[in-house]
Amino acid sequence: MQNNFDHNKVHLSVVIQKMVFPEASGILFTADPITSNRKVVSIDAGFGLGEALVSGLVNPDIYKVRDGKITDKKISAKKLAIYALKEGGTEERQLEPDKQNMQTLTDEQILELEKTCRRIEAHFGRPQDIEWCFYEGSFYIVQSRPITTLYPVPDVQDRKNHVYMSFSHQQMMTDAMKPFGLSFFQLAFQEKPGEAPFLQAGGRFFLDLSHDLATPAGRRISLLALGKIDPLVLNAVRKLIKRKDFIGSLSRGGKGFFSMGNGYFTWELPVQFIKIYRRNDVALVPALMSRNEASIKALRQKIENLSGDGLFAFIIETLKGLKEATYDSEGMAAIYVGVYALTWLNKNMEKWLGEKSAADTLTKSAANNVTSEMGLALLDVADAVRQYPAVTEYFQHPNDKTFFADLAGLEGGDAVSRSIQAYLEKYGMRCSGEIDITRSRLSEQPTALVPMILSNIRSFEPNARKAIFEQGLLEAEQKKQDLLNRLEQLPGGKQKAKKTRRMISVMRNFIGYREYPKYLLVGHYWLIKQALMKEAAKLAEKGIVREKEDVYYLSFEEFREAVRTNRLDYSVITKRKGEHEVYEKLTPPRVLTSEGEILSGEYDAGNIPKGALAGIAVSSGTVEGRALVISKMEDANIEEDDILVTAFTDPSWTPIFVSVKGLVTEVGGVMTHGAVVAREYGLPAVVGVENATRLIKDGQRIRVNGTEGYVEIL
């Protein structure tokens, strides 16, 4: 009344409850708080008030219940309890000796409480965190609230067991994607109209491994493949396979992810592999790249004048062609030939010469690597900038919206603009998390390059690009001669040296192409995005959306329908913005079951010093330096001996690699982009270090052992 609120429109209420004096109390989670398994209820129980449990005064009994059966009980010693006083307040009491080790709730009471709380969960439609107490033979529910920290489970309704692997981890993109980004990526890789190739949960992509793991042969193939992808996923799946009841009831529907004939695992692939390996044609990769560059040029010309529904129809057809180009058996075989040669070299040089990761140096300055070239090309931009003090001064506080206009008014600004524009013409489609089409590209946010340009000016002399590339060539050639000379001294050395010489040639001819398919993909994405955002701007002008970026919260078909009808329920966007904010705070698991259980794998810590952080060795060598812990590449204020520590990197981070001394990431594998470029640049690197950005503090001294795969905090 004081603030003139209408008394009848205030939707607030006060709950008046009877005060009870509990004999026992505690907390119940309708999803296991340790594993997140939705089928397991976890109950914490103690005598008296729950205050003793919450304050840590006593350890609770812990009961686990699944499908109406008690599966585990931990009975704690309870010397104390806190009880409520009828006249008000509480008191702490010593428990009688015979009660101290007594089970707080009987088995019957445990099952009764579980049944009650499952009804509460069903009412609210999601897992609950419930506070309860027991008084005079009855349970009282004090509070129920949703558990907000659980990772969502993919929505599959066949009532069978499933095992989901994070595809986002394999793509070096563990951030939550916006709805349009998810929808567009699905559309780009769907086999049939309306069929989603990936499952979605929490704004990320997952792959269903159930079909692969349902049979003994499938499990063998899966474990072999997972061993090449991510040892943490491999070890988690190995543990799950031991649970016969779960594995025995896996869904066998759908396609296997690791099956031949699925995606780029076509029957043509091994045929092309053999042909390419035998020919070892140095001209093949440039020919593949030239063919794909022509497709991007054709897309640019065709899409420029399209609009409305015709644009959306054209995009669907374009994505079909892009999928065929990405899954092209000749291109994929060329990549696998390069990877095979690298693996062969590492395996056999260790076997014959006792040298680990010998191929790392051999990959330096390999031809046709668009990602490593991106990092070196920025050195040329730095050379353009360093000549003009006024531009360097402006770069201390650049403005994205007026960046090129501001440069035009500075001495040397036109020359710098031309250099940056030329760089963006080739690499401006890249950005962090680039598989999400909604992410701002370098062309949309050119100031993201500024910290790296300034770092290059500080760290390198003019003409460094050429010097670094030529030094890489020299080191690779010296390494080759060193290995061949040592091999020739061994029994059967001439044959071993001959085979090794050929494998080095094969690897250097094809390993660079590993980076090209994603470059092709995001090149198409950028041209398509520019056309789509013109349609989004029209919707904003008509007031159908409030700002053009609102379309990021629609699916592809919803966006198309809004353009066609000029109608849209804006509450959909509001709702999805709220959901996206929640998803951004979640950490996606590598492996998740249909029961919501998060499975974790561990590294073999055999050769790792005590206290070191384990990971995957992807680029050999050891380096000490200052940890530069960042989450965005535009935050990279690089100093002389910095070692980059971040959650994940993708090709857009490559310019940073030129200036740092080493690399540590939370996500990655031997053939992911960061690992490939780290080897070419000669950076010791360890990836897959769980929680690295939390355990390592910015500015700490660390030692990275990229040969054995661990990081020490000094």
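Keep in mind that this is a model prediction, so the values were computed, not measured.

Conventions we followed
- Residues numbered from 1 in each chain as written.
- Predicted model: local features only at pLDDT ≥ 70, side-chain atom pairs only at ≥ 80, totals over all residues.
- Heavy atoms only, no water.
- Helix = DSSP H or I, 4+ residues; strand = E, 2+ residues; numbered from the N terminus.
- Buried < 20%, exposed > 50% of the residue type's maximum accessible area, 1.4 Å probe, protein only.
- Contact = heavy atoms within 4.5 Å.
- Areas by Shrake-Rupley, 256 points an atom, 1.4 Å probe, with all protein chains shown as cover.
- Lys, Arg positive; Asp, Glu negative; His and termini not counted.
- Charge placed at Lys NZ, Arg CZ, Asp CG, Glu CD.
- Phe/Tyr/Trp six-rings, centres within 6.5 Å; stacked < 30°, edge-to-face > 60°.
- Lys NZ or Arg CZ within 6 Å of the ring centre and 35° of its normal.
- Core = buried A, V, L, I, M, F, W, Y, C linked by side-chain atoms within 4.5 Å.
- Polar contact = N/O pair within 3.5 Å; in protein donor to acceptor, adjacent residues only side chain to side chain.
- Pairing = 2+ DSSP bridges.
- Axes fitted to C-alpha atoms, helices over the stretch in contact; angles between N-to-C directions.

Novice: Go over the overall build of the protein chain, please, and point to the residues and values.
Specialist: In terms of regular secondary structure, the protein chain is built from 27 helices and 21 strands. On the principal axes, the C-alpha backbone points of the protein chain span a range of 85 × 75 × 50 Å. When burial is assessed residue by residue, the protein chain has 52% of its 714 residues classed as buried. Of the contacts formed within the protein chain by residues at least 6 apart in sequence, a portion of 68% connects residues at least 24 apart. Approximately 34,000 Å² of the protein chain is accessible, and the part contributed by carbon and sulfur atoms is 50%. Each charge class in the protein chain was averaged separately, 92 positive and 91 negative side chains, and the resulting centres sit 6 Å apart.

Novice: Please provide a residue-by-residue account of the packing of aromatic side chains, values included.
Specialist: Summed over all chains, the structure comprises 30 aromatic pairs. Pairing Phe 403 with Phe 404 gives two aromatic rings, centres 5.1 Å apart and planes at 75°, and the pair type is edge-to-face. Judged by relative accessible area, which is 1%, Phe 403 ranks as buried. Grouping aromatic residues by their ring pairs yields a cluster made of Phe 167, Phe 185, Phe 189, Phe 198, Phe 205 and Tyr 327. Its end group placed over the ring of Phe 47, Lys 99 keeps NZ or CZ at 4.6 Å from the ring centre.

Novice: A description of the nonpolar core should follow, citing residues and the corresponding values.
Specialist: If you look at the biggest cluster of nonpolar residues, it comprises 159 residues, and the most contacted ones within it are Phe 184, Phe 185, Phe 395, Tyr 423, Phe 559 and Ile 656. Top contributing element to this core by residue count: helix H22 (residues 516-541), with 14 residues. With residues near it in sequence (within four places) discarded, Phe 185 still touches Phe 167, Phe 198, Phe 205, Ile 435, Leu 521 and Tyr 525. Of all hydrophobic cores here, the second largest spans 16 residues; its members include Tyr 63, Val 65, Ile 110 and Ile 120.

Novice: Describe in detail the side chain of Glu 434, supporting the description with residues and values.
Specialist: Mapped onto the secondary structure, Glu 434 falls in the loop between helix H18 (413-427) and helix H19 (450-459). Side chain to side chain, Glu 434 and Arg 430 meet in a polar contact 2.8 Å long. Excluding residues within four positions of it along the chain, Glu 434 makes contact with Arg 441, Lys 518, Val 522, Tyr 525, Asp 650 and Pro 651.

Novice: I'd like a rundown of the sheet that holds strand S4 (residues 69-74), residues and numbers included.
Specialist: Strand order in the open sheet made by the six strands is S4-S3-S2-S1-S7-S8, with antiparallel pairing throughout. Where the open sheet ends on each side, the last strands, each with one partner, are S4 and strand S8 (138-146). Across the sheet, the mean angle separating the axes of adjacent strands is 20° when strand polarity is ignored. The pairing of strand S1 (residues 24-29) with strand S7 (residues 128-135) spans six bridges and is antiparallel. Bridged to Leu 28 within S7 is Ile 130.

Novice: Got a sec to walk through the sheet that holds strand S14 (residues 613-614)? Specific residues and values, please.
Specialist: Backbone-to-backbone hydrogen bonds join strands into a sheet, with any given pair of strands oriented parallel or antiparallel. Spatial strand order, S14-S21-S20-S16-S17-S18-S19-S15: eight strands in an open sheet with mixed pairing. Because the sheet does not close on itself, it has two edges, and the strands there are S14 and strand S15 (616-619). Where strand S20 (residues 701-705) meets strand S21 (residues 710-713), four bridges bridge the pair, whose relative direction is antiparallel. The residue bridging Asn 705 from the neighbouring strand is Tyr 710, located in S21. Contacts from helix H26 (residues 673-681) reach S15, strand S18 (662-665) and strand S19 (685-687), with the element oriented near 45° to S15.

Novice: Hey, could you go over helix H23 (residues 556-565) for me, with residue numbers and the actual values?
Specialist: Buried residues of H23: Phe 556, Phe 559, Arg 560, Ala 562, Val 563 and Thr 565, and no others. Check the buried side of H23 and you find it contacts helix H5 (179-189), helix H12 (308-326) and H22. Phi for Asn 566, located one or two positions after H23, is positive at around 60°.

Novice: Just give me the short version of the pairing of strand S3 (residues 61-66), but keep the residues and values in it.
Specialist: For strand S2 (residues 40-47) and S3, the ladder comprises six bridges, and the chain directions are antiparallel. By the bridge assignment for S3, Val 40 is matched with Arg 66. Linkage of S3 to S4, two consecutive antiparallel strands, is achieved through a turn of two residues, within which Asp 67 is found at a positive phi near 50°.

Novice: Residue-level account of the pairing of strand S16 (residues 622-629), with values.
Specialist: Burial analysis of S16 places six of its eight residues in the buried class, the great majority of the element. Summarising the sheet, S16 and S20 pair through five bridges and their orientation is antiparallel. Looking at S20, one finds that Val 623 is bridged to Val 704. Judged from the four bridges that link them, S16 and strand S17 (residues 642-646) form a sheet pairing that is parallel. Counterpart to Leu 628 in the pairing with S17 is Leu 644.

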